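The primary structure of each chain is shown beneath.
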Amino acid sequence: MSKRVLEFSVGGMHCASCSARIERVVGAMPDVESVSVSLATDTASVVPRPEADPAALSSAVVKAVADLGFSAEYLTPPPASGAGSPAGQSGSVLELAVSGMHCAACSARIERVVGALPEVENVSVSLASNTARVELARLADPAVVSASVLAAISPLGFSAEVIPPAGAAADGLSEAARRWEKRDREQRAELTARKRDLYPAFAFALPLLVLSMGEMAGLPLPKFLDPRHSPLTFALVQLFLCLPVLWSGRRFFLLGLPALWRKSPTMDSLVALGTGAAFLYSLWNTLVLALAGSVPSATPHGPESAGHAAAGVQTAAGLWDMLFGVGHAMHGPELYYESAAVVIALVSLGKYMESRSRLRTSQALKGLLDLAPETAARVTADGGEETVPLASVVAGDILRVRPGGRVPVDGVVVEGSSFVDESMLTGESMPVEKKAGDTLAGGTMNQRGALTMRTERVGSDTVLARIIRLVQDAQGSKAPIAGLADRVSFYFVPVVMALAVLAGLFWLLHGDSAAFALRVFVSVMVIACPCAMGLATPMSIMVGTGRGAQLGVLFKNGAALEQASRVTAMVFDKTGTLTAGSPALVAVLPLS
């Protein structure tokens, strides 16, 4: 007997340590037998223990993921508690589409109000998908409760409508298409947002880099910007150039710092701490310059100017010298605005390229989804024909497939003959003749004659739906080597943070300045990034399984794909799958 698997989409993951942390927390739940979280597909697969209640466990998983700072929603809604009981004893489930929510407080308020209704057993509101899942108490009338729920949500300032239950076809190809389209929209929106943030990041980071490092490349600065003559102006211009870059990279701070407070740092935490430390150090130095009245720096052998400074100047310079070494306040500004800005700009560029790669890898599944037509031509009782949505087709319907059209579902030919291209299933390039009594598979292409078929399997039962599901499972699965990468990534971030602190303290305690120790700390923090290690394997699996499916080669999971690299010989039971499919002249043999 196959084990039930609960599928969730997970939002907010940005690096391998995120997925590893979710796996560790969810995997430690008592009712969970195993869990697999895919960073490449933003999904989680949870296998419950046999005695576990799927509905209660699903709610617990969503809550556990939310407590970690991520969002999760059902992809395969679990049965209500008590499923399998006699009819009328188990509670029903209502799915609602909710609009008007803008923050977590909105969804929490809806959950609290709806959950207080007497005939509601449990409610879960997803801000990410703008949906609500309401589990009804046993013997409750769904129609009555639906009206009560809608009436309770409306006064809160939100609108809601009941999502009708999906039919068999919708549970198969239509559901897979909906999931893909939703994920595609989210990925494109994320890609657009990242691209939009890149423009101010580089527009201000590059001039800042030239301003701070230009003299090293032989580019002189005008006198009003020269730190030897106008150190305060030099610092303030860098500050104003750095602020837009920090704003464009605000997601590193909004995501990384809360994760740090939850004692679960991510790669965003590394970037936020490293760039934040560099910015605050530079900001403090700028403040000291402002308090010191922008006194021009003197060379180490020049006259001391401290005796001419005001009391406030002496206080600021004295405090600075006490914290960061004698003479730092008078020897020019120690500024690292360009370090913070350039790091954020470059990491943002890397994130954009990562998002673009993830979007491209998901296109392979779209090719399979496009094989199924959206409508079918159903034969009516009077012999006529009507065009109906694919979700409306049920087993036993008589359908007509015209030449050049795709077979909508699995079935049997009852009338007509034709040749059908089944290369998407068998790899055979030559069309196969079909006549009355022969089977047809959904997604194959009818080439010549018209066919009348009787539907036998629809929705998730069709061959094409099973192939799509297999590809989805394979893309979301993990190869054995990916488990090692996830384990390393889980400990990588805290270890890097500890090493950065130790490295900075080491140089500080051995007599170097606080400025040099800060440079060491920032360098270790921002250079170390576990994302490449955590993403390389799952994205390779996505590309490999997706491209293989397009070529007619199906992999059951990532482990099978990894094992295929060790294959030294392959045996085929026929030669048709090895041909190019297009005849070519290779030799001319004259008759003699």
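Thresholds applied
Residues numbered from 1 in each chain as written. Predicted model: local features only at pLDDT ≥ 70, side-chain atom pairs only at ≥ 80, totals over all residues. Heavy atoms only, no water. Helix = DSSP H or I, 4+ residues; strand = E, 2+ residues; numbered from the N terminus. Buried < 20%, exposed > 50% of the residue type's maximum accessible area, 1.4 Å probe, protein only. Areas by Shrake-Rupley, 256 points an atom, 1.4 Å probe, with all protein chains shown as cover. Pairing = 2+ DSSP bridges. Axes fitted to C-alpha atoms, helices over the stretch in contact; angles between N-to-C directions. Parallel < 35°, antiparallel > 145°, perpendicular 65-115°, else oblique. Contact = heavy atoms within 4.5 Å. Nonpolar A, V, L, I, M, F, W, Y, C, P; charged D, E, K, R; others polar. pLDDT = per-residue confidence, 0-100. Phe/Tyr/Trp six-rings, centres within 6.5 Å; stacked < 30°, edge-to-face > 60°. Lys NZ or Arg CZ within 6 Å of the ring centre and 35° of its normal. Patch = residues over 30% accessible without salt bridge, like charges linked within 9 Å, V, L, I, M, F, W, Y side chains within 5 Å. Salt bridge = Lys/Arg side-chain N within 4 Å of Asp/Glu carboxyl O. Left-handed = near helix turned anticlockwise from the far one by under 90°. Expected span 1.5 Å × (residues − 1). Arc of directions from axis to C-beta.

Trainee: How should the overall build of the protein be read in this particular structure?
Mentor: Helix and strand counts for the protein stand at 17 helices and 17 strands. When each of the 592 residues of the protein is scored for burial, the buried share is 45%. Carbon and sulfur atoms make up 63% of the accessible area of the protein, which amounts to about 29300 Å² in all.

Trainee: What is the right way to read the sheet that holds strand S15 (residues 439-440) from this model?
Mentor: Each strand in a sheet pairs with its neighbour through backbone hydrogen bonds, running either in the same direction (parallel) or in the opposite one (antiparallel). With antiparallel pairing, the 6 strands of this open sheet are ordered in space as S10-S9-S11-S17-S12-S15. The outermost strands of the open sheet, each flanked by one partner alone, are strand S10 (385-389) and S15. Sheet topology places strand S11 (residues 398-401) next to strand S17 (residues 451-457); 4 bridges connect them, and they run antiparallel. Bridge pairing in S17 places Ile-398 opposite Arg-454.

Trainee: Help me understand the packing of helix H7 (residues 250-261) against helix H8 (residues 267-291), please; the structure alone is not making it clear to me.
Mentor: Packed helix pairs are characterised by how far apart their axes lie and by the angle those axes make with each other. Following both chains from N to C, one finds H7 and H8 inclined at 105°, their axes separated by 7 Å at the closest point. Judged by the inter-axis angle, H7 sits roughly perpendicular to H8. For the pair H7 and H8, contact is made by Phe-252, Phe-253, Leu-255, Gly-256, Leu-257, Ala-259 and Leu-260 and by Asp-268, Ser-269, Val-271, Ala-272, Leu-273, Thr-275 and Gly-276, respectively. In the contact of H7 with H8, the residues fall into 9 nonpolar, 4 polar and 1 charged.

Trainee: Is there a simple way to explain the sheet that holds strand S2 (residues 32-38) in this structure?
Mentor: Taken in spatial order, the 4 strands make up an open sheet running S2-S3-S1-S4, and their pairing is antiparallel. Two strands lie at the open edges of the sheet, namely S2 and strand S4 (71-74), each paired on one side alone. When strand polarity is set aside, the average angle formed by the axes of neighbouring strands in this sheet is 25°. Pairing analysis gives 4 bridges linking strand S1 (residues 6-11) to S4, with the strands arranged antiparallel. Looking at the pairing, Gly-11 lines up with Ser-71 of S4. Against the sheet, helix H2 (residues 54-67) makes contact with S1, S2, strand S3 (43-48) and S4, and its axis sits at roughly 15° relative to S1, the strand it touches most.

Trainee: Explain the side chain of Glu-338 to me, please; I cannot follow it from the model alone.
Mentor: Along the polypeptide, Glu-338 turns up in helix H10 (residues 337-361). Aside from chain neighbours lying at most four places away, what touches Glu-338 is Leu-208, Leu-209, Ser-212, Met-213 and Gln-238.

Trainee: Would you mind showing me how to read the confidence of the model for the protein here?
Mentor: The predicted model of the protein averages 75 in pLDDT, with 74% of residues at 70 or higher. For the stretch residues 166-171, pLDDT sits under 50, and the model shows 11 contacts to residues farther than four places along the chain or on other chains. Considering only residues more than four positions removed or in separate chains, one finds that residues 294-313, a stretch of pLDDT under 50, has 26 contacts.

Trainee: Hey, could you run me through the packing of aromatic side chains in this one?
Mentor: How two aromatic rings sit relative to each other is set out by the distance from centre to centre and by the angle between their planes. This model, assessed by the stated rule, comprises 3 aromatic pairs. Ring geometry for Phe-506 and Trp-507: centres 5.4 Å apart, planes at 85°, overall edge-to-face. Above the ring of Trp-247, the side-chain terminus of Arg-250 is found at 4.4 Å from the ring centroid. Directly above the ring of Phe-419 sits Arg-448, whose terminal nitrogen or CZ lies 4.7 Å from the centroid.

Trainee: Please explain a nonpolar patch on the surface as it appears in this structure.
Mentor: A contiguous nonpolar surface patch, about 390 Å² in accessible area, is contributed by Leu-206, Leu-209, Met-213 and Met-216. The residue Met-216 is located in the loop between helix H5 (168-213) and helix H6 (231-248) in this model.

Trainee: What should I look at first to understand the packing of H6 against H8 in this one?
Mentor: Remark: H6 packs on H8, axes separated minimally by 10 Å, with the N-to-C direction vectors making an angle of 150°. You can see that H6 and H8 cross each other, and the crossing is left-handed. Judged by residue contacts, Pro-231, Leu-232, Ala-235, Leu-236, Leu-239, Cys-242, Leu-243 and Leu-246 of H6 engage Phe-279, Leu-283, Thr-286, Leu-289 and Ala-290 from H8. Residue composition of the contact of H6 with H8, by class: 12 nonpolar, 1 polar and no charged.

Trainee: What is the right way to look at the environment of Val-134 in this model?
Mentor: Mapped onto the fold, Val-134 is located in strand S7 (residues 131-136). Under the relative-accessibility criterion, Val-134 is labelled buried at 0%. Not counting chain neighbours up to four residues away, the residues in contact with Val-134 comprise Ser-92, Val-93, Leu-94, Leu-96, Val-114, Val-120, Asn-122 and Val-123.

Trainee: Would you mind going over the pairing of S17 with me for this structure?
Mentor: Each regular strand shows side chains that alternate between the opposite faces of the sheet. Pairing geometry for strand S12 (residues 410-415) and S17, over 5 bridges, is antiparallel. In the strand pairing of S17, Val-413 is matched with Met-453.

Trainee: Got a minute to help me understand H7 in this structure?
Mentor: Since there are 3.6 residues in each turn of an α-helix, residues three or four apart along the chain are aligned in direction. With 12 residues, H7 ought to run about 16 Å at 1.5 Å a step, and its terminal C-alpha atoms sit 17 Å apart, in line with that. Burial in H7 covers these residues: Phe-252, Gly-256, Ala-259 and Leu-260. All buried residues of H7 lie within an arc of 100° about the axis, which places them on one face of the element. The outward face of H7, more than 90 degrees from its buried face, is lined by the exposed residues Leu-254 and Trp-261.

Trainee: Just to check I follow, could you spell out the pattern of salt bridges for this structure?
Mentor: Opposite charge on two side chains lets them pair, provided their charged atoms get close. Taken as a whole, this structure holds 12 salt bridges when the rule is applied. The shortest N-O distance in the salt bridge between Arg-133 and Glu-135 comes to 2.8 Å. Owing to a relative accessible area of 4%, Arg-133 belongs among the buried residues under this scheme. Residue Asp-397 pairs with Arg-378 through a salt bridge whose shortest N-O separation is 3.1 Å.

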